[in-house]
Amino acid sequence: MPILYGGSVTSANIGEFLAEYSIDGGLVGGASLKPDEMAGMVARAAVTARARASAEGKPA
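Residues numbered from 1 in each chain as written. Predicted model: local features only at pLDDT ≥ 70, side-chain atom pairs only at ≥ 80, totals over all residues. Heavy atoms only, no water.

J.: Could you give an account of the overall build of the chain, with specific residues and numbers?
T.: The secondary structure content of the chain amounts to 2 helices and 2 strands. Helices and strands in the chain line up, N terminus first, as β-α-β-α. Taking 60 residues into account, the globule formula puts the C-alpha radius of gyration at 10 Å, and the chain, at 12 Å, falls close to it. Counting only C-alpha atoms and orienting by the principal axes, one finds that the chain spans roughly 35 × 25 × 15 Å. Taking all 60 residues of the chain together, the buried fraction comes to 20%. Contacts spanning at least 24 positions in sequence make up 37% of the contacts within the chain whose residues lie at least 6 apart. When the accessible surface of the chain is split by element, carbon and sulfur atoms take 61% of a total near 4100 Å². (Helix = DSSP H or I, 4+ residues; strand = E, 2+ residues; numbered from the N terminus. Rg over C-alpha atoms; globule rule 2.2 N^0.38 Å. Buried < 20%, exposed > 50% of the residue type's maximum accessible area, 1.4 Å probe, protein only. Contact = heavy atoms within 4.5 Å. Areas by Shrake-Rupley, 256 points an atom, 1.4 Å probe, with all protein chains shown as cover.)

Coordinates in, geometry out; function isn't part of it.
The structure is reproduced here in structure tokens:
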């Protein structure tokens, strides 16, 4: 079952949440209205996704 974190997700803290293997994503609220914040979150999520894929031996 996928788990989404739905608290105060920002570009500064999303990496910590996504580093937890039990959390599969974040439910972004007000930060989605700030282009720089949203771009930072997407970039960090991409880094985390590549790291997870590599750790699992899957292509990134």
